[in-house]
Amino acid sequence: MQNKTKYLVTAALPYANNYVHIGHLAGAYLPPDIYVRYRKLKGDDVIFISGSDEHGTAIDMAAIQEKVSPQEIIDRYHFSNKKAFEDIGIEFDIFSRTSNKIHHETAQEFFLNLFNKNILVKKTEKQLYSEKEKRFLADRFVTGTCPVCGNTEARGDECEVCGSNLSPLELINPRSKITGDIPVVKDAVHLYFPLGRYQDKISKWIFSKKDWKQNVINYVNGWLKSGLRDRAVTRDLDWGVKVPVEDNEGKVIYVWFEAPIGYISATKEYFISINEPDKWKEYWMGENTKLIHFIGKDNIVFHSLIFPAALMAHGGYILPDNVPANEFLNISGSKLSKSKKNGILLKDIVEKFPPDVVRYTIASILPESKDSEFSWKDLQTKNNSELAGILGNFINRTVVFAKTKFDNKIPGRKNDDEILNLIKDQTQIISQNYDNFKLKDALTETMNIVRAANKYFNDTEPWKLVKDEKERCGEIINNCLQICYSVAILIYPFLPFTSEKILKILNSDKTNFKWDRIGEVNLDSGKELGENQILFPQIEDKQIEKEMESEIESDSKQEVNNNIKKNSEDSSGSNLIGLEDFKKVNLRVAKVIECEAVPKSKKLLKLKLKVGDKEKQIVSGISEYYKPEEMIGKLIVIVDNLKPSKLMGIDSDGMLLAAKKDGELRLVLVDGEIEPGAEVS
Ligand SMILES: [Zn+2]
């Protein structure tokens, strides 16, 4: 027993400033849950670990912007995500959080180990310092003008307009994002992890792995080729794990270094919770453990290069046995995929559809070797024709037959049919798929067994035998019921809720609920069956269309909200406004008295307008649609109280109203004659 393999399976730590969406589910959570459930059926020694990643500048920044504490932000997302995982049946042994004390201690211990061995390197670098705030500013805490595109609100780490990667020192006119203070450049001391020194060791280790997925190896190769660079492990921030070394006040351990140590802390926490506080060592330090990190492709570098290098530096810990990273799951649909990407939140979808239907749909399109696409239509088809049409159908027809022809009891059996052996043989292929992390193939083979079961029912025609050969008919139905039990085991990794339901329908329990009992006789003859139920009710077109519409709605609503936010500071986010708000906009009739094209501009016209007693000038981008001469004399509608601005250096004092769609633009004009300056309401 001592040499038995242990499995330590981890799922990526979700960052606690966002809700988990179905792209995350497909990349890092459903695959390990399926894998772990299979291992448990096999009787393997396995624990399944994850938790919220709760530090870093993004959380601190979100807290500042929302005017709440970072604790409030992380609580919101941690508890919501935890519940969504439970609802969809992701069964962690522990879902911890990196804000827990045990993690702070573990991460500090790890850091000190490297520091005391003089592995960490001290470097002095130029950094922006706020005299007013008395601290160095981390990159995200600086804003300024992008040197590439001129965006005046570029972030210290990147420009969101042109996508350039930046450092705060490259920004023109940098200022503190929090106080607006103009920082000065000062020498700052930081500790670095010398990743470059581990390049050879890491390469050797990685290339000794023969069973890693090709996509993972490809990513790793790319990084190794460009050379591993030293990375800072300290950062100027209040929120996080304090650097446990003198002369580092106001610094925390960089989150990329500290977060993956969360896997170790969570394992400790789990074993403390079951009163075996030292047992975590058997998993992290014992040679018989297979450490498997399930992640999305954006995390490959951390889990297959950087964290292993840190583990090597520390010593004593095992290294990952495999990192079966997945590609991305996108949402199909023309506009949606671009603007929203994976925008379907886990917490929302589990409220609308049964968890097993979502699990099945996602499992059948897992992005194991390339990106894949989710669509609502596909979810409907998978439910109606596969889950209901194949799986639900087999269970239902078998149970209904036993109920009506055999008094709701399990009929007797004498001879064995080949069918059970066939199923047993098939499980070897499925096992291989699981062992190689080919979960999509495992699902296909699993469903093929259910297809074969339906074929067996059809070919043996029990409905014909029931009159004259009732005993033979009973044998067939007994076989079918035994298959139902095997199917409950087989589908358990993918469809745990349905598996439970089948056991209930069979009035059975988990005594024989093990992988090696598939294809065996697990149900006693003569026993009464439980109550039948429809496993997969049909999903109607209406339900699916509703989801597709609400996607589009929320998409365009988001656009409206964004526009409102851009234009007014205190938007409540709703797109309804009160009369008071409308009255704030001063709309008036204006008469165009002069109009000319703006030199060197393809779009702009300069208009001189009469508005009541005054004259004003507006610059408007309508020259593709109207010639200057045809504008003169028109009665148009303008926003009279818009803040003046400059377009190509020309003053513009207001805005005219026009209707625009699909590259066409038409002015809003007044019907008939009215004095310029008249109020529009
Ligand atoms: Zn830019």
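Values in this document were obtained by computation on a predicted structure and should not be read as measured data.

(A) Here's a closer look at the overall build of the protein. When helices and strands are tallied, the protein shows 22 helices and 26 strands. C-alpha extents for the protein along the principal axes are approximately 105 × 75 × 40 Å. For the protein, restricting intrachain contacts to residue pairs at least 6 apart in sequence, the fraction spanning at least 24 positions comes to 72%. About 33,000 Å² of surface is accessible on the protein, with carbon and sulfur atoms providing 49% of the total.

(B) Spatial organisation of the sheet that holds strand E4 (residues 121–130). On the basis of which strands lie adjacent, the open sheet formed by four strands has the order E5-E4-E9-E10 and antiparallel pairing. Pairing within the sheet leaves two strands with one partner each, and these edge strands are strand E5 (135–136) and strand E10 (231–232). With two bridges joining them, strand E9 (residues 184–193) and E10 adopt antiparallel strand pairing. Counted as the bridge partner of Tyr192 is Ala232 from E10.

(C) Representation of the coordination of the zinc ion within the structure. Protein coordination at the zinc ion: the donors are Cys146 (SG), Cys149 (SG), Cys159 (SG) and Cys162 (SG), at 2.3 Å from the metal. Classification of the site at the zinc ion rests on its four donor atoms, whose angles at the metal span 105 to 114 degrees, yielding the label tetrahedral. Cys149 gets classed as partly exposed once you look at its relative accessible area, which sits at 37%.

(D) Layout of the nonpolar core. Grouped together as the largest cluster of nonpolar side chains are 157 residues, with contacts concentrated most on Phe193, Phe257, Ile349, Ile362, Phe374 and Leu391. Ignoring anything within four residues of it in the chain, the contact list for Phe374 reads Ile22, Leu329, Asn330, Ile331, Ser332, Ile344, Ile349, Thr361, Ile362, Ile365 and Leu379. Listed in part, the 17 residues of the second largest apolar core include Ala590, Tyr625, Ile638 and Leu667.

(E) Up close: the packing of helix H13 (residues 355–364) against helix H14 (residues 376–405). Contact geometry for H13 and H14: axes closest at 9 Å, N-to-C directions at 105 degrees. Compared by their axis directions, H13 and H14 come out roughly perpendicular. Here Asp356, Val357, Val358, Tyr360, Thr361 and Ser364 of H13 come into contact with H14, specifically with Asp378, Leu379, Lys382, Asn383, Glu386 and Leu387. In terms of residue class, the contact of H13 with H14 is built from five nonpolar, three polar and four charged.

Here is what the cut-offs are and how they apply
- For every chain, the first residue of the written sequence is number 1, and numbering continues from 1 onward in sequence order.
- Totals for whole chains, interfaces and linings use all residues, but because this is a predicted model, local features are given only for residues with pLDDT of at least 70 and pairs of side-chain atoms are given and counted only at 80 or more.
- In computing side-chain properties, one takes all heavy atoms of the structure into account and sets aside hydrogens as well as water.
- Put simply, DSSP marks the helices as runs of H or I at least four residues long and the strands as runs of E at least two long, and each gets a number from the N terminus on.
- Residue contacts are defined here by distance: any two heavy atoms, one from each residue, within 4.5 Å place the two residues in contact.
- Per-residue accessibility takes into account occlusion by the displayed protein chains alone, with areas from the Shrake-Rupley method and a 1.4 Å probe.
- The criterion for strand pairing is that DSSP finds at least two bridges linking the strands in question.
- Sodium, potassium and calcium take a 3.2 Å donor cutoff, other metals 2.8 Å, and in both cases only N, O and S atoms count; water is not among them, so sites may look incomplete.
- Angular criteria define each label, namely tetrahedral for four donors with all angles between 85 and 135 degrees, square planar for four and octahedral for six donors with opposite donors over 155 degrees apart and remaining angles between 65 and 115, and irregular for whatever fails these tests.
- Note on classification: 1.4 Å probe, protein chains only; a residue is buried when its accessible area is under 20% of the maximum for its type, exposed when over 50%, partly exposed between these limits.
- We call a set of buried residues a nonpolar core when its members are Ala, Val, Leu, Ile, Met, Phe, Trp, Tyr or Cys and they connect through side-chain atoms within 4.5 Å of each other.
- Axis lines are fitted through C-alpha atoms, for helices just across the contact stretch, and the angle between N-to-C directions can take any value from 0 to 180 degrees.
- Any angle between 65 and 115 degrees counts as roughly perpendicular, while under 35 counts as roughly parallel, over 145 as roughly antiparallel, and the rest as oblique.
- By the convention adopted, Pro, Cys, Tyr, Trp, Phe, Met, Ile, Leu, Val and Ala count as nonpolar, Lys, Arg, Asp and Glu as charged, and the other residues, Gly among them, as polar.

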